[in-house]
Amino acid sequence: MLDVPIYGRIATLELFRPHGETQDYLFISTERYKFCVLQWDTESGELITRAMGDVSDRIGRPTDNGQIGIIDPDCRLIGLHLYDGLFKVIPFDNKGQLKEAFNIRLEELQVLDIKFLYGCAKPTIAVLYQDNKDARHVKTYEVLLKEKDFSEGPWQQNNLDNGAGLLIPVPMPLGGVIIIGEQTIVYCSASVFKAIPIRQSITKAYGRVDADGSRYLLSDHAGLLHLLVITHEKERVTGLKVELLGETSAASTISYLDNGCVYVGSSYGDSQLIKLHLQPDNRGQYVEILQRFVNLGPIVDFCVVDLERQGQGQVVTCSGAFKDGSLRIVRNGIGINEQASAELPGIKGIWSLRSSTVDMFDTFLVVSFVSETRILAMNSEDELEETEIEGFVSDAQSLFCQDAIHDQLVQVTASSVRLVSAASRKLLTDWRVPTGFSIIVATANATQVFLATGGGNLVYLEIGEGSLTEVKHLEIEFDVSCLDINPIGDNSMRSELAVVGLWRDYSVRIYSLPNLEFITTLHFGENVPPRSVLLCRFEGIAYLLCGLGDGHLFNFILNMSTGELSDRKKISLGTKAITLRTFRSKNTTHVFAASDRPTVIYSSNRKLLYSNVNLKEVNHMCPFNSLSFPDSLAIAKEDLLTIGSIDDIQKLHIRAVPLGEHARRICHQEQSRTFAICSVKYSQTNIEETETHFVRLLDDQTFEVLSSYQLDTYENGCSILSCSFTDDNNSYYCVGTAYVLPEENEPNKGRILVFSVEDAKLQLVTEKETKGSVYNLNAFNGKLLAGINQKIQLYKWVLRDDGSRELQSECGHHGHILALYVQSRGDFIVVGDLMKSISLLIYKHEEGAIEERARDYNANWMTAVEILDDDIYLGAENNFNLFTVRKNSDAATDEERGKLEVVGEYHLGEFVNLFRHGSLVMRLPDSESSQIPTVIFGTVNGVIGVIASLPQEQYQFLEKLQINLVKVIKGVGGLSHEQWRSFSNERKTVDAKNFLDGDLIESFLDLSRNRMEEIATAMAVPVEELCKRVEEMTRLH
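Residues numbered from 1 in each chain as written. Predicted model: local features only at pLDDT ≥ 70, side-chain atom pairs only at ≥ 80, totals over all residues. Heavy atoms only, no water.

Visitor: Could you give an account of the overall build of the protein, with specific residues and numbers?
Guide: What the protein contains, in helices and strands, is six helices and 81 strands. Its C-alpha atoms give the protein a radius of gyration of 34 Å, near enough to 31 Å, the size a compact globule of 1037 residues would have. Projecting the C-alpha coordinates of the protein onto the three principal axes gives extents of approximately 105 × 85 × 65 Å. In the protein, buried positions account for 53% of the 1037 residues. Nonlocal contacts in the protein, meaning residues at least 24 apart in sequence, comprise 48% of its contacts between residues at least 6 apart. With an accessible surface of roughly 46,100 Å², the protein has 47% of that area assigned to carbon and sulfur atoms. The protein carries 99 positive and 140 negative side-chain charges, and their two centres are separated by 4 Å. (Helix = DSSP H or I, 4+ residues; strand = E, 2+ residues; numbered from the N terminus. Rg over C-alpha atoms; globule rule 2.2 N^0.38 Å. Buried < 20%, exposed > 50% of the residue type's maximum accessible area, 1.4 Å probe, protein only. Contact = heavy atoms within 4.5 Å. Areas by Shrake-Rupley, 256 points an atom, 1.4 Å probe, with all protein chains shown as cover. Lys, Arg positive; Asp, Glu negative; His and termini not counted. Charge placed at Lys NZ, Arg CZ, Asp CG, Glu CD.)

Below, the structure written as structure tokens:
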């Protein structure tokens, strides 16, 4: 899979194939009016830019219904509808190259859809539009390329269904166009008009099944998938038929692949790969879901909680919309799901063994201690119990154990190498170390044993049937710290190479087997000895991994034929010595690095990735694939042996809790160990759709619904908060609501409901009516702060004479258009307004009043705000930009102090719904990154991102790196990174400032060594230093 960054928000995406070409090209236009044509180069495995350009006009009103980009079926031109009243044409010349673009005036201002028709001598478009009386019509135009104008098309169709919103051009031989409405589907061409009624629905996407266009898949807003069939006699259309196939996610796009397989892309739920069957299943559905592709969007709310209480945050999101609504639990790192454990202090090593080479599963687990070796095996009750292998020495420490060929087992101790029959468990032969020496380290595979004794003696043995043969002995000048002969060549039973790590020389040497001929030496340039070396293969590429005693890991690409090493990379995994072992999961080999920060190393897109394991320190690990614990790992910590299965190997883990309804707000309450959500259930009756709003209480471990409270008719849950009040130790859930009446533009009535949790049930303690929608709630110095329409209102918690409690209004502050987003810190209140940007209020205790202290006078339409520190506030606005403002406390004049100064600006390209303080990673006290505060954001597209506030020195260093990276890493399609990240709205476009693109900076680690050195030279900083600084950044998320 290829994953490339596009420096733009994609507005239109079309495949086309120019005449004489053997493959499709991809046309992309972005929301900032840039376009490019991309081609896939099979030889280099890269995307090539064939054409690019800018199609913006100096004047013009951007279309309300979004950009439309279409390509003539005969590849004569590309058509774009970007501004009201204009149709832009980019013609092709006869070689398939693009010529200069021009505009044609389009009379229809409210365009809903435009498509090219098939089989027309001149390029012809059909335009679906709405007139000023809200009636909808279709008109056709021929595009005259020479005259740069339109001429009247072959037909038009007036007064369509009021909900008509989609045109489907039908290929030849039928031709014409299908018009999809909310109550009818119409087929239209110059000579034929056919219409059929359908059940009321809004069709969001279509996909063509047959090349001749006689069948189409349609998906509506409820995720119902229909098949539309055009019946025809030869080339004359005789009618239309619609059949319901089943239910999928609400589709945004449908692509019929082949053989009944369809890709359903969804913005409101998970995308799916489905198979269509000829016969219905027991639920009457013709649809089978083969695979799901996770989509967190739209994230309308989330909270950051530490559910496992391990000091690691998890994000619980309200994701999806309508019937595809769900909660998603997102956490970083790989979890080990414990299945068995035993207290065994002082473990020095663990290995798994099989009772026969043809066995699928491991039988024994050998556990080594300072002066003994114990052997564990699974009994019939699925329990680990101690057993014996007669031929093994039990009163000495094992240095290494291994399955060998001919159903044999190998045990290496300080004094000997023992070969044991797996069937009889008896000793077959042994190799003893010469008197006065002892074995320090050893390793083995199925046919070879490699060991080192004190004084720098290397011994290489080969395993035969019942025999151990010493093939080579080599004396070197230093003591050996680690060895490896893991077979990664064509023969999986033996290795051609041996790797040796040395204590005093701080180096690694590579020898060839069987003669131990020296090939090369590796010096790390650090006075730290290697403690573990491993030969391994990922995605067909051979690597050498070296773990040092201080927690650093080096990786090199290894040339198997010459033994040469290249592409040296270094990463810090922890602070203690690393032990490396391979294991298999889902038929792929990965590497486990045991240390104080255990990590799994895996490969994706031919790039090594590191994912932390959610465990504290791990000393030893080995794979243990037994019948009762398939694909598991045995893990030894200081005094504990654990067996557990491992999660899928990926950086983020996402668990879904389907709700079947739309969760709009969520919060967590530590005291009751619960979540509370505000949700909407949609139900469809024959006449209309109805909405019912609930407050639901969920268990924070199982996520089952414990209790529900139904809101009134027309009442929507708008905000939710867990808080406690002054002089009251209880925790309460406060819910802010609004009565959304069809005839009102803005709600002018709402409620604040205060619930307590008793016996896992929601109990309504009190309610307070408000004069508007309660958009947000904040705990504020033991009181409750609410944003209600254009007002900020503060309520205190009052004890009545009868012992009950109620909310009583204390003070308020007017002067907003809509106070949609509010955050507080101490006595300061930061308000994000619908359209008046950010303002800062302060609560004065003496007067019991809220006053405005400062505001940003720019007109930004806000979508979220957060307080970064006492003086800096972060905002997101509806043109996909982020900005920060600063409070000028030390300014000379009142006027200056009353202004919030804009200090940072950046184009994120995502619609942010909210910010929350927190982190998805374990904060380790020893790392620099643990001191850097982070904010997590969630967006409509389902992106979870992190914004970190960097110290000045680090910011300047990384800014310099970013400037150099932009010169080296070019975006696809010739799109400019500086232009993409520049803050841009209707009024201004300015370069980004005081924000850095973390994704771009981290891509430094994926560059080739030559590219890295190029950048290091430009910055006058060593490559190692650059890698270290960038890796430190990656620890933030």
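There's more to say after this.
Visitor: Could you give an account of helix α5 (residues 1009-1019), with specific residues and numbers?
Guide: Considered for burial, the residues of α5 that qualify are Arg1009, Met1012, Ile1015, Ala1016 and Met1019. Viewed end-on, α5 has its buried residues packed into an arc of 125 degrees, placing them on one side of the element. Along α5, exposed side chains directed more than 90 degrees from the buried face belong to Asn1010 and Thr1017. Those residues of α5 that are buried lie in contact with β48 (565-572), α2 (952-968) and α6 (1023-1034). Positive backbone phi, approximately 60 degrees, marks Ala1020, located one or two places after α5. (Arc of directions from axis to C-beta.)

Visitor: Describe the sheet that holds strand β72 (residues 849-855), and please don't skip the residues or the numbers.
Guide: Taking strand neighbours across the sheet as the criterion, the four strands line up as β69-β70-β71-β72 in an open arrangement whose pairing is antiparallel. Because the sheet does not close on itself, it has two edges, and the strands there are β69 (819-825) and β72. Strand-to-strand twist of the sheet, defined as the mean angle between neighbouring strand axes without regard to direction, takes the value 30 degrees. Note: strand β71 (residues 838-844) against β72, six bridges, orientation antiparallel. Bridge pairing in β72 places Lys844 opposite Ala849. (Pairing = 2+ DSSP bridges. Axes fitted to C-alpha atoms, helices over the stretch in contact; angles between N-to-C directions.)

Visitor: Can you tell me about the environment of Asp997, naming the residues and giving the values?
Guide: Considering the arrangement of structural elements, one finds Asp997 in the loop between β81 (989-990) and α4 (998-1002). On the basis of relative accessibility, which here comes to 4%, the residue Asp997 falls in the buried class. For the pair formed by Asp997 and Glu959, sequence separation is 38 residues and the distance between their alpha carbons is 9.1 Å. In contact with Asp997, not counting residues within four places along its chain, are Tyr906, Gln962, His977 and Arg981. Separated by 3.2 Å, the side chain of Asp997 and the backbone nitrogen of Asp999 make a polar contact. (Polar contact = N/O pair within 3.5 Å; in protein donor to acceptor, adjacent residues only side chain to side chain.)

Visitor: How would you summarise the side chain of Arg328 if you had to cite specific residues and measurements?
Guide: As for its position among the elements, Arg328 is in strand β27 (residues 326-332). For Arg328, a relative accessible area of 6% corresponds to the buried category. In this structure the side chain of Arg328 is engaged in a polar contact, spanning 3.1 Å, whose partner is the side chain of Asp270. Ignoring anything within four residues of it in the chain, the contact list for Arg328 reads Asp270, Val294, Asn295, Leu296, Val315, Val316, Thr317, Ser319, Ile654, Arg655 and Ala656.

Visitor: Summarise the pattern of salt bridges; cite the residues concerned and give the values.
Guide: On inspection of all chains with the given rule, the structure shows 48 salt bridges. In this structure, Arg61 engages Asp84 in a salt bridge whose closest nitrogen and oxygen atoms are separated by 2.5 Å. In this pair, Arg61 is assigned in the loop between β4 (46-54) and β5 (68-71) and Asp84 in the loop between β6 (77-81) and β7 (86-91), connecting sequence segments 23 residues apart. Judged by relative accessible area, which is 47%, Arg61 ranks as partly exposed. Residue Arg354 is joined to Asp362 by a salt bridge in which the shortest nitrogen-to-oxygen separation is 2.8 Å. Members of the salt-bridge network, linked through shared partners, are Arg568, Arg1009, Glu1013 and Glu1024. (Salt bridge = Lys/Arg side-chain N within 4 Å of Asp/Glu carboxyl O.)

Visitor: Outline the pairing of strand β21 (residues 253-258), listing residues and values.
Guide: Both β21 and strand β22 (residues 261-265) contribute to a ladder of five bridges, which runs antiparallel. Counted as the bridge partner of Ile254 is Val264 from β22. Here β21 folds back onto β22 in antiparallel fashion, the turn holding two residues, of which Asn259 has a positive phi close to 55 degrees.

Visitor: Give a description of a nonpolar patch on the surface that names residues and reports values.
Guide: Taken together, the side chains of Leu2, Val4, Trp40 and Leu47 make up a nonpolar region of the molecular surface, amounting to roughly 300 Å² of accessible area. By the secondary structure assignment, Val4 is in the segment before β1 (10-16). Given the relative accessible area of 30%, Val4 is considered partly exposed. (Patch = residues over 30% accessible without salt bridge, like charges linked within 9 Å, V, L, I, M, F, W, Y side chains within 5 Å.)

Visitor: Mind laying out the environment of Leu545, listing which residues take part and the relevant values?
Guide: Mapped onto the elements, Leu545 comes out in strand β46 (residues 541-548). For the pair Leu545 and Thr579, spaced 34 residues apart in the sequence, the C-alpha separation amounts to 10 Å. Those residues in contact with Leu545 that sit more than four places away from it in its chain are Ser532, Val533, Leu534, Cys536, Leu553, Phe554, Asn555, Leu580, Val591, Ile601 and Leu608.

By themselves, these observations are geometric and do not establish any function.
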